[in-house]
Each structure stands twice: as structure tokens, then as C-alpha cells.
Amino acid sequence: MTDQMKEQIIMRKVSWRLIPVLIAAYILCYLDRVNLSYAALQMNQELALTATAFGWGAGIFFLGYFLFEVPSNLALQKYGARFWIARIMVSWGLLSAMMAFIGSSTSFIIVRFLLGAAEAGFFPGVILYLTYWFPERYRAIITSRFMFGVPGALLIGSPISSWILGMDGIGGVAGWRWLFILEGIPTVLMGFFVYYYLTDIPAHAKWLEPDERNWLQGEIDRERAKVESKKKLSLKDALLNPHVLALGFVYFTVQVGIYGVNMWLPQIMKTFTFLSTIQIGFIAAIPFAAAAIGMLILGKSSDRRQERKWHLIFTLVLGAVGLIGSAYFGANAVLTILLLSISSIGLYSSMPIFWTIPPTFLTGSAAAGGIALINSLGNIGGFAGPFTVGWIKDSTGNFMYGLIALGVWVFIGCICAYITYRNVQQVKEAPVATVVSGHV
């Protein structure tokens, strides 16, 4: 057996062990985060929420997320991924279910803030965790597979959430309250499973043969040492690093586009009055089905070619064009969904490619803090996007100008991404690894 064949076997074994569970966890994460958009079809009227108030409540989740993300990721590095990821899941699952008990705009905003604080650290924690298991040359496709949970959650969540809303009145409970209860409890159960299933690092993996875990741990250690041999950044250095801050801004614009659409898509579809709630659920799933396919294809393409910059630029341009185009053809339901699908392919596919960049110059506590800071800065876009669309909708009476604003933000991010990636490449401590196979 050649060394290349042995490596493929090991990486395939690791991928099948870890990625399906992480995808399932991320599906639950995203479902609990965005089921609010479907609850709004009933909840907004019952609680008398304006578009601006809903946008504020939808977005304040990310303020809680922002404040607690860096401390959470540092705790993950200290206490281990297995324990900390499980703790995060149990916490946010309970708070997500508690959304069923809100009764006013005030309680709505408070619980959403706490939900963001509880969930803080999950995504950057998993991104950091993947660097413990997968060499750099595999990370675009591996991150694509993990992030498949995003469109996956929206794809299955749209019809399921619409169906649960149909339980309105059962047991004297509103459908939107059932939605939060039935989609929050599974996360708690999954959190306990994750604690017993995950392994912190390859050296502890009893499900690998001794020579397999020695090879993989050695490969990860050598890659980390190669980066640190040029310049090892401290946590403070990482948090003040201009490249980290610039990447945070780029990710901010991506999240503006993603959440600006996610939180409002059901209500955008509702403007086409001939659609029922169930039809809205299925039609709103179309962009995410397209995004899921595009994410895997473009992530694999980026790894196969070991090319990041132009893949990233292409996906961001696609995202911006789709958003702006959907605004101009907003009177046509078919063209609106088609262009939002194009935008979704671009925006969701950009993320796994984007996340290959920070580990090329960050390791250890610098990676834990830097990745968390990038994600926390970026996720402010999860506040800005929904709030912007809601405010513009209240001001103009339609969604068109809100979608244009989202597209402009993504274009700005595209320009910043080009400049930042070029600068990172100039000071990159370790060259991009030579492709061994690109298949896991």
C-alpha cells in the first residue's frame, strides 16, 4: 500500500467519523437560529410586532453572540471541544425552547439575546476543531461538508417549520410556540450525544489504529510547527492583527447578505398573495437546495486546484448580483426565487473557502481567539442584515430597496476580500500544501 493510499484511508475514516455528526449538530444550530422567520408568520401578529421591531429582535441574537464568542472559543481550547460543544448545544437548545413562552416584544428581545450568548462559540469552535483533525489541503471540502448543515437546515426546515405551524391551536397552544418547542428539544438531546461521541484530538482516538493516529497527529503537529516557525502570534497579536479585522469585515458583509434574506424570505414570498403557508415553505427551500449543491461543488473545486482567491471572489460576485437582480425582478415570483437561488449559491459557497484562510497564519490560542473574533465581527452582519431590510421595508413599503442594500454590502465585501487575501498571501508564513489527493 502506498503512502498516498494510506493517507486517503485515514482521512476518509476521520471524515466519516466526525463530519456527519457535526453536520447534524449544525443543522440543529441553524434551525434553532432561523426558525424565527417562519414563526413570524403567526407570531408578529399575535405580539403586534412591527417590521422594525422584528428586525431588531431577530438581529439582537448576534449582539449576544458577539460579546461571548471569543471567551467561548478560548474555553473550548482550555476544556476540550467535546465538553464545550456539548455545553453550548444543551444551553442553546433550552433557550430556543423557551422562545415558546415569550409574551411581548421585551421578552422576545431578551430571550433572543440570551440565545445568542448561549450559542456563541459553536461555529468557530467547530472550525477550530476541524484544524485539529484535517491538514490544510483538505479544509475547503471538509468545511463545505460541515457547512452543508446551513442550507441543509433551511432546506428541511422550511417545509417542517411550515408543517408545525399548522399545529396551531393543538392543546390550546399557538403553532409558532409549538415550533420553538419541537425544534429546541432535539438540540438538548444531541448535546448529550456529542459529549460521549466526539474525541478531542487524534492522539486520543481509540477508533483509529495506533499507526493511523500517530501519523495524523504528527501531520497536524508538523503543519502547526511550520506556521509557528516563521512567526507565532500571541492571542493579543491575533486580536489586533489587521488581517484578522479585515477578514472580520469581509465575513460581516457575507452575513449581511445571508441573514438579510433568511429572516425575511418567508415574508418576501408572502407578498405573492396566491401562495399558501405550506407553499411558501416548500418554495423558500429552493434557494437552499441550490446552495447545498453549489457549496460542495465549489469547495471541492477549490481544494482540487488549491486555489482560494478567485473562487472566493467569484462566489461573492455571484451573491451580490443575485441579490440586486432579485430586487429588480421582485414582481415575478419565479425570477425572484431563481435570482435568490443564484445569490444563495454564491454566499453559502463563499464561506467554506473563506474559512481556509485564517488557519494559514493563526495557530494555538491565536487561532482560537482570531477565528472567534472574525466570526463574531462577521455575525454582527446577522443583526445588520435583518434590521436593514426591516427598516427599509417600513420606510418604503416594499422589500426591493432592502435587497439592493444587501447586494451593495456584498460587493463592498468582495473588494475588501480581494485586497485582504492578496495581503495575507504576501506575509503568509507557510505555503499552501501540495495536494496529495484532495479526496476524503
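Every value quoted in this text rests on a predicted model; they were computed, and no experiment measured them.

How each quantity is defined
Residues numbered from 1 in each chain as written. Predicted model: local features only at pLDDT ≥ 70, side-chain atom pairs only at ≥ 80, totals over all residues. Heavy atoms only, no water. Helix = DSSP H or I, 4+ residues; strand = E, 2+ residues; numbered from the N terminus. Buried < 20%, exposed > 50% of the residue type's maximum accessible area, 1.4 Å probe, protein only. Phe/Tyr/Trp six-rings, centres within 6.5 Å; stacked < 30°, edge-to-face > 60°. Salt bridge = Lys/Arg side-chain N within 4 Å of Asp/Glu carboxyl O. Core = buried A, V, L, I, M, F, W, Y, C linked by side-chain atoms within 4.5 Å. Contact = heavy atoms within 4.5 Å. Expected span 1.5 Å × (residues − 1). Axes fitted to C-alpha atoms, helices over the stretch in contact; angles between N-to-C directions. Parallel < 35°, antiparallel > 145°, perpendicular 65-115°, else oblique. Nonpolar A, V, L, I, M, F, W, Y, C, P; charged D, E, K, R; others polar. Disulfide = S-S within 2.5 Å. Polar contact = N/O pair within 3.5 Å; in protein donor to acceptor, adjacent residues only side chain to side chain. Left-handed = near helix turned anticlockwise from the far one by under 90°.

1. Thoughts on unusual backbone geometry
Then step 1. Despite not being glycine, Ala48 has its phi angle at roughly 60 degrees, a positive value.
Then step 2. Tracing the sequence through the fold places Ala48 in the loop between α2 (36–47) and α3 (51–79).
Then step 3. The phi torsion at Gln306 lies on the positive side, around 50 degrees, for a residue other than glycine.
Then step 4. Relative to the helices and strands, Gln306 is located in the loop between α15 (286–305) and α16 (309–328).
Then step 5. Residue classification places Gln306 among the buried positions, given a relative accessible area of 16%.

2. A look at the packing of aromatic side chains
Then step 1. Going through the model one piece at a time under the given rule, you end up with 26 aromatic pairs.
Then step 2. Residues Tyr26 and Phe146 carry aromatic rings whose centres are separated by 4.6 Å and whose planes lie at 15 degrees to one another, so their mutual orientation is stacked. Here Phe146 lies in helix α7 (residues 139–147) and Tyr26 lies in helix α1 (residues 3–34), a separation of 120 residues in the sequence.
Then step 3. The class of Tyr26 is buried, set by a relative accessible area of 4%.
Then step 4. Between Trp176 and Phe180, the ring centres sit 6.2 Å apart and the planes meet at 85 degrees, which makes this aromatic pair edge-to-face.

3. Overview of the pattern of salt bridges
Then step 1. Taken as a whole, this structure holds nine salt bridges when the rule is applied.
Then step 2. Arg177 is the salt-bridge partner of Glu46, the closest N and O atoms lying 3.2 Å from each other. Placement of the pair is Glu46 in helix α2 and Arg177 in helix α9 (residues 175–197), with a sequence separation of 131 residues.
Then step 3. Accessibility expressed as a relative area gives 44% for Glu46, which makes it partly exposed.
Then step 4. Accessibility expressed as a relative area gives 17% for Arg177, which makes it buried.
Then step 5. Glu219 serves as the salt-bridge partner of Arg222, at 3.0 Å between the closest nitrogen and oxygen. Here the residue Arg222 and the residue Glu219 both occupy positions in helix α10 (residues 210–230), the gap between them amounting to three residues, near one helical turn.
Then step 6. Each of Glu7, Arg137, Glu219 and Arg222 takes part in one network of salt bridges that share partners.

4. So, the nonpolar core
Then step 1. Of all hydrophobic cores here, the largest spans 138 residues; its most connected members are Met43, Phe122, Trp133 and Phe146.
Then step 2. If you tally residues by element for this core, the top one is α1, at 14 residues.
Then step 3. Once residues lying within four places of it in the same chain are set aside, the contact partners of Met43 are Leu36, Leu49, Phe54, Ile102, Phe108, Trp176 and Phe180.

5. A look at helix α19 (residues 381–396)
Then step 1. With 16 residues, α19 extends 22 Å between its outermost C-alpha atoms, agreeing within 8% with the 22 Å of an ideal straight helix rising 1.5 Å per residue.
Then step 2. Within α19, burial applies to Gly381, Gly382, Phe383, Ala384, Gly385, Pro386, Val389, Gly390 and Ile392.
Then step 3. The first or second residue beyond α19 is Gly397, which carries a positive phi of 90 degrees.

6. Brief notes about the packing of helix α18 (residues 364–379) against α19
Axis angle and axis distance: for two packed helices, these are the angle between their axes and the distance between the axes, and together they describe the pair.
Then step 1. At their nearest, the axes of α18 and α19 sit 5 Å apart, and the two run at 10 degrees to each other. Here α18 lies roughly parallel to α19, going by the angle between them. For the pair α18 and α19, the contacting residues are Leu377, Gly378 and Asn379 in the first and Gly381, Gly382 and Phe383 in the second.
Then step 2. In terms of residue class, the contact of α18 with α19 is made up of two nonpolar, four polar and no charged.

7. Some points on the state of the cysteines
Then step 1. Summed over the entire model, instances satisfying the criterion amount to zero disulfides.
Then step 2. Here Cys414 stays free of any disulfide, with the sulfur of Cys416 as its closest cysteine sulfur at 10 Å.

8. Quick word on the side chain of Thr315
Then step 1. With respect to the helices and strands, Thr315 occurs in helix α16.
Then step 2. What makes Thr315 buried here is its relative accessible area of 0%.
Then step 3. Here the side chain of Thr315 touches Leu312 through a polar contact of 2.7 Å, landing on its backbone oxygen.

9. Digging into the packing of α2 against α9
Then step 1. Here α2 crosses α9 at 140 degrees, and the two axes come no closer than 8 Å. With respect to their mutual orientation, α2 and α9 come out oblique. Crossing hand, α2 versus α9: left-handed. Facing Leu36, Tyr38, Ala39, Gln42, Met43, Glu46 and Leu47 of α2, the residues of α9 in contact are Gly175, Trp176, Arg177, Leu179 and Phe180.
Then step 2. Tallied by class, the residues present in the contact of α2 with α9 amount to eight nonpolar, two polar and two charged.

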